[in-house]
Structure formats: structure tokens, C-alpha cells
Amino acid sequence: MSMEYEHQLMAMQISPADAHGTTPGKEQQAAGVGILLQIMMLVLSFVLGHVLRRHKFYYLPEASASLLIGLIVGGLANISNTETNIRTWFNFHEEFFFLFLLPPIIFQSGFSLSPKPFFSNFGAIVTFAILGTLISSVVTGILVYLGGLIYLTYRLPFVECLMFGALISATDPVTVLSIFQELGTDMNLYALVFGESVLNDAMAISLYRTMSLVRSHASSGQNFFMVIVRFLETFVGSMSAGVGVGFTSALLFKYAGLDIDNLQNLECCLFVLFPYFSYMLAEGLGLSGIVSILFTGIVMKHYTYSNLSENSQRFVSSFFHLISSLAETFVFIYMGFDIAMEQHSWSHVGFIFFSIIFIGVARAANVFSCAYLVNLVRPAHRQIPLKHQQALWYSGLRGAMAFALALQSVHDLPEGHGQTIFTATTAIVVLTVLLIGGSTGTMLEALQVVGDGLEGTLGEGSVDVLKKLHCTQPQR
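What counts and what doesn't
Residues numbered from 1 in each chain as written. Predicted model: local features only at pLDDT ≥ 70, side-chain atom pairs only at ≥ 80, totals over all residues. Heavy atoms only, no water. 1 Å grid on protein atoms, 1.4 Å probe; cavity = no way out; pocket = protein on both sides within 12 Å on 5 of 7 lines; lining within 4 Å. Points joined across faces, edges and corners; volume = space filled by probe spheres on them. Helix = DSSP H or I, 4+ residues; strand = E, 2+ residues; numbered from the N terminus. Expected span 1.5 Å × (residues − 1). Buried < 20%, exposed > 50% of the residue type's maximum accessible area, 1.4 Å probe, protein only. Core = buried A, V, L, I, M, F, W, Y, C linked by side-chain atoms within 4.5 Å. Contact = heavy atoms within 4.5 Å. Axes fitted to C-alpha atoms, helices over the stretch in contact; angles between N-to-C directions. Parallel < 35°, antiparallel > 145°, perpendicular 65-115°, else oblique. Nonpolar A, V, L, I, M, F, W, Y, C, P; charged D, E, K, R; others polar.

Trainee: Looking at this model, I keep getting lost on the layout of surface pockets. Mind explaining?
Mentor: A water-sized probe, rolled over the atoms, reveals where empty space remains. Of the voids in this model, the second largest pocket is the one considered here, and its volume is about 580 Å³. Considering the residues around the second largest pocket, the lining is formed by 24 residues, among which Ile205, Ser206, Arg209, Glu283 and Leu287 are closest to the centre. For the lining of the second largest pocket, the secondary-structure elements that each account for two or more residues are helix H6 (94-112), helix H11 (187-217), helix H12 (222-255), helix H13 (264-284), helix H14 (289-304) and helix H18 (400-412). The element contributing the most residues to the lining of the second largest pocket is H11, with 7 residues.

Right under this line is the structure:
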């Protein structure tokens with residue numbers, strides 16, 4: 001705003017907010033209404049999730065119900081005359097998702113995970129995360145490009161097809177973990193799905209950014225060969241940062257004498273701050289905060305947690321379980337509302353339809369080829385069985401991670417290409433979370449991989465919940 005314009009407003013006794021049609025009072029009221037709606041949707045999601053679990057209705061998991069609530073409320077707000085300043089409180093911001101919602105979910109996953117099944121399958125997990133994501137991205141990009149050449153789908157340049165393949169290859173940990181933890185699986189299968197979904201995000205983001213760099217700078221083809229090296233650098237650096245922060249916290253709590261009664265609040269505050277320190281340190285260094293906070297959670301559970309007082313142990317366990325549950329539920333509501341409110345390009349339905357088929361083919365190429373390579377070097381008793389491979393293929397849900405990258409592509413790609421990719425990604429997210437997510441329980445039971453080895457994968461509280469879900473009727 002220019003100085004002359006401000007002087008004119010002051011002479012007329014009109015504030016800048018009034019000149020734009022809003023006042024500070026109305027802005028505050030709009031903020032209150034927006035936050036109130038978010039709280040109401042969270043309450044509704046938790047109550048609905050409890051009712052669904054109590055009646056053993058597995059076809060609509062809590063994650064799917066939360067997404068559906070966000071879609072319905074967003075659709076109603078879109079067709080009504082909801083004020084713009086209220087709508088702004090529901091816009092999906094990638095920074096808010098990556099910096100505030102994702103860290104507690106990933107930390108709780110690492111904090112509650114037994115390291116034995118994770119590290120015993122670590123070679124397979126890295127194979128699926130690196131090689132598998134690369135295969136999935138390239139196959140999807142090539143199929144989309146060929147579909148455009150023969151006029152099956154909307155035609156995009158080859159690099160933009162690879163960008164779409166990279167972002168849609170991210171099997172979102174938010175989606176996968178919320179569904180698998182609720183249903184319970186074989187512990188080795190859980191470790192594979194969990195590890196791949198967390199680690200492949202770093203690969204997908206690295207691929208997407210590399211393709212974007214190639215497109216914007218018309219770089220030479222050597223960038224395609226550098227992506228694996230960059231990912232390994234990112235992964236090793238992030239893991240080192242996470243492990244380092246975890247062991248630093250363990251040494252601090254062991255030798256600082258914080259486990260006395262009058263320092264319990266300080267003890268809990270420091271424990272809560274260390275995971276966020278790990279995540280932000282990695283992000284600030286250009287590494288992967290997801291990988292860093294995951295290993296921080298694993299190290300802090302097995303080295304730092306035992307140095308806490310009993311009261312602090314109870315508090316931090318309940319606290320991280322609480323905020324991760326809130327964050328998971330809010331992510332799906334947040335995403336559903338924004339999907340309903342955003343502008344979409346539905347003029348290329350063929351692109352959406354064939355993209356769904358292409359990602360299924362790419363997921364199969366990823367899972368079965370990597371499982372074949374892993375089984376070549378594994379002894380017979382540790383090979384990945386076919387039913388686990390089928391479960392891995394079916395569980396490749398897309399969620400908030402792909403949605404956030406697709407929203408970024410709207411700004412990165414011109415001429416409506418980003419809007420087309422965003423619309424296709426939105427349709428794929430809704431389809432996988434609602435339809436495939438709802439049928440995941442039936443698939444797991446059909447493959448007979450439900451309920452084995454839960455104690456080695458989940459915390460005691462989660463095991464009790466899962467046993468009640470699958471084995472007993474609710475007590476009255």
C-alpha cells in the first residue's frame with residue numbers, strides 16, 4: 001500500500017481493513033467460526049470412528065470417515081455463501097502439513113515400533129523405498145506419456161509425466177499407518193508397509209524436485225542418474241541426524257538428574273521438544289525430517305524413555321499418542337475439506353481413468369520385481385510370501401503426501417497442466433482412501449495376514465484395542 005493511499009485513508013478516517021471490506025473484528029470472528037467448525041468436525045470424526053469400531057464396521061475406517069466428513073462439509077460450504085475469510089482457515093497449506101501435522105504422526109510410529117521387525121527387514125525396506133519408488137515413478141510417467149501420444153489421455157511433456165509419476169508414487173504413511181494400525185497385520189508385513197511408506201516419501205520428494213529442476217533449467221540427462229545418489233545422501237544424513245539427537249537426549253536425561261519430583265515438568269518439556277528439534281534440524285539442513293524424526297523416535301523409546309521417572313513415562317506415552325491421533329484425524333478432514341473447496345479441471349476424465357490403471361500397473365511392477373530381487377538373496381524361511389506381496393500391492397494407498405505435492409505442481413507447471421495433475425491426484429486420493437481403504441480389512445483377512453505378531457509391532461495399548469476389535473464383543 002502506497003504512502004499517499006494511506007494518507008488519504010487517514011484523512012477520510014477509514015482504516016486499511018475497512019477499505020478492503022473487512023474489519024479486525026470481523027476477521028477475528030471469521031477465525032473463531034473457522035476454528036469452531038474444525039473442532040466440530042474433529043469431535044464428529046472421533047465419535048463416528050468409535051461407533052464404527054464398536055459395531056465392527058470395517059468397511060469405513062476412521063481415516064476414510066474423516067475424509068468423508070471433510071468432503072461433505074467442504075461441499076456444503078462451497079455451494080453456500082460462506083464468507084471468503086472463513087474459507088481461508090480451511091485452505092490446505094503444504095508448510096502446515098509438513099511442519100506441524102506430519103512430525104507427531106511419524107514420531108509416534110517410530111516410538112511405538114519394535115526395532116526388531118523393522119531392522120530385520122531393513123534391506124527389503126530400502127529396496128522397496130529406493131528402487132521400487134524409482135520403478136513406480138518411471139513406469140507411471142512412461143505410461144502416461146505413451147497414453148498421450150496415442151490420444152488415450154491428456155498429453156503432457158515427458159518431464160511433466162515423470163513429475164506426475166514421482167508425486168503419485170508416494171504411498172502416504174498417514175493413510176497406510178492409520179488403517180494398518182487399526183486392523184492389525186502380520187508383523188513382518190507391517191514392518192515392510194510401514195518402512196516403505198515412510199522412506200519412499202523422501203525418494204518421491206527427491207524425484208519430484210529433480211524432475212522440476214530438469215524442467216525449469218533444461219538440464220542435461222545426468223540429473224536422472226544423480227537422484228539415487230542424492231537420495232542416499234539425504235537418507236544417511238537424515239538417519240544420522242535423528243540417531244544423533246536421540247542419543248543426545250538419552251545422555252542428557254541419564255546424567256542431568258532430571259528424574260526427581262520437582263523437575264518432572266522440565267523433564268516432560270525437554271522430552272517433547274527433542275523430536276521437533278530433530279525434525280526441524282533435518283529440514284533446515286535440506287535433509288528429510290520424516291526419516292530423521294522416525295529414527296529419533298526409535299532411539300528415544302529404547303534409550304531415553306528408560307531414564308525418565310515413572311510419572312513422566314506415563315505422560316509422554318499418553319501425550320504423543322494423543323497428538324498423533326489428533327493430527328491423523330485432522331489431516332484427513334483438512335484434506336477432504338480442501339478437495340471440495342479447490343477448483344478442479346474435470347475436462348480430462350480420460351486422464352484420470354487411465355492414470356488409475358497406470359498406477360496400478362506401476363505398483364505391481366514395483367512390488368513384484370523388488371520382492372523377486374529380495375527373495376533371491378534371502379534364505380528360504382525368510383522369503384517374502386506371495387500373499388504378503390499381494391497385500392503390499394493392494395496397500396499402496398495415496399493420501400496427503402501426494403496431495404501436497406500435487407498442490408505444489410499447480411504453481412510449478414503452467415498452461416493448466418498442473419491443474420489437470422492436481423485433479424487426477426485428488427480423484428486417486430479419494431478413490432484409494434475411501435474404496436481401497438474400506439476394503440483393506442477384507443483383503444487382509446482373505447490373505448490370512450491379520451492378527452499375527454501384533455505384540456512385536458505395536459504398543460501394548462494398541463494390541464489390547466486390536467484384540468478387542470477382532471476377538472471380543474464390547475463389554476457393557
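Next comes the rest of the write-up.
Trainee: Can you walk me through H13 in this structure?
Mentor: Along an α-helix, residues three or four positions apart point the same way, because every turn accommodates 3.6 residues. For H13, spanning 21 residues, the distance from its first C-alpha to its last is 30 Å, which sits close to the expected 30 Å at 1.5 Å a residue. All buried positions along H13 are accounted for by Glu267, Cys268, Phe271, Val272, Phe274, Pro275, Ser278, Tyr279 and Ala282. Positive phi shows up at Gly286, right after H13, with a value of about 80°.

Trainee: Please explain the nonpolar core as it appears in this structure.
Mentor: One broad rule of soluble globular proteins: the nonpolar side chains tend to lie buried together. Judged by nonpolar contacts, the single largest core of 108 residues is most densely connected at Phe97, Phe128, Phe164, Phe271 and Leu294. Broken down by element, this core gets its largest block of residues, 14 residues, from H11. Those residues in contact with Leu294 that lie beyond four places of it in its chain are Ile106, Gly110, Phe118, Phe194, Val198 and Leu199.

Trainee: Sorry if this is basic, but what is going on with the packing of H6 against H18 here?
Mentor: Angle between the axes and distance between the axes: these two values describe a pair of packed helices. Look at H6 against H18: their axes get within 9 Å of each other, and the N-to-C directions meet at 155°. Judged by the angle between their axes, H6 and H18 are roughly antiparallel. Here Glu94, Phe97, Phe98 and Leu102 of H6 lie close against H18, whose contacting residues are Ala400, Met401, Ala404, Leu407 and Gln408.

Trainee: Hey, could you run me through empty space enclosed by the protein in this one?
Mentor: Counted according to the given criterion, the structure contains 1 cavity of 30 Å³ or more. Taken as a whole, the largest cavity holds about 30 Å³ of empty space. Taken together, Leu134, Ser137, Val138, Leu162, Leu207 and Met211 make up the full set of residues lining the largest cavity. Sorting the residues of the lining of the largest cavity by element identifies helix H8 (122-149) and H11 as the ones contributing at least two each. In terms of residue count, H8 provides more of the lining of the largest cavity than any other element does, 3 residues in total. Here the lining of the largest cavity is composed, by residue class, of 5 nonpolar, 1 polar and no charged.

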